[in-house]
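Structural overview for review
Residue strings, one per chain:
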Amino acid sequence: MLHLEPGDLVSIFSPSGGGHGDPRRRDPARVQDDVRAGYLSAERAREAYGVALTDGRVDAEATARLRAAMPAPPNGEFDFG
């Protein structure tokens, strides 16, 4: 539990977009950065965001194919996982 007082500020930061919005619209370069930072694996980048990495770099053609085959998230907005 977190007790706050008037004037306190709470900031929450989440890697990989935190589940907000269509994962197919996340900038592939940002997904690549998340993989490099260790927030997710290259396999998870492929599964969750449709981003194909080859030798640690975005493969634009493979990414386009993966994303075209991905279904839209529920409501097209938010996926609770």
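Attention here is on the structure that accompanies the text. Only a predicted model underlies this, so the values are computations on that prediction, with no experimental measurement involved. (Residues numbered from 1 in each chain as written. Predicted model: local features only at pLDDT ≥ 70, side-chain atom pairs only at ≥ 80, totals over all residues. Heavy atoms only, no water.)

Next up on the list: the overall build of the chain. Summing up its helical and strand segments, the chain has three helices and two strands in all. In the chain, the succession of helices and strands from N to C terminus is α-α-β-β-α. Burial analysis of the chain (81 residues in total) assigns 26% to the buried set. For the chain, the share of sequence-separated contacts (at least 6 apart) that also reach a separation of at least 24 residues comes to 43%. (Helix = DSSP H or I, 4+ residues; strand = E, 2+ residues; numbered from the N terminus. Buried < 20%, exposed > 50% of the residue type's maximum accessible area, 1.4 Å probe, protein only. Contact = heavy atoms within 4.5 Å.)

In this section: a nonpolar patch on the surface. A contiguous nonpolar surface patch, about 440 Å² in accessible area, is contributed by L2, L4, V10 and I12. On the secondary structure map, L2 appears in the segment before α1 (28-36). Residue classification places L2 among the exposed residues on the basis of a relative accessible area of 61%. (Patch = residues over 30% accessible without salt bridge, like charges linked within 9 Å, V, L, I, M, F, W, Y side chains within 5 Å. Areas by Shrake-Rupley, 256 points an atom, 1.4 Å probe, with all protein chains shown as cover. Salt bridge = Lys/Arg side-chain N within 4 Å of Asp/Glu carboxyl O.)

Moving on to the side chain of Q32. When you line up the elements, Q32 lands in helix α1. For Q32, a relative accessible area of 12% gives the class buried. When neighbours within four sequence positions are excluded, Q32 is seen to be in contact with L53, G56, R57 and V58.

Evaluated as defined, the whole model comprises three salt bridges. Among the salt bridges present, the one from D22 reaches R24, with a minimum N-O distance of 2.5 Å. Classification of R24 by relative accessible area gives partly exposed; the value is 23%. Of the charged contacts, one joins D34 and R26 as a salt bridge, the two residues approaching to 2.8 Å between their closest N and O atoms. Take D34: its relative accessible area is 8%, and that puts it in the buried class.

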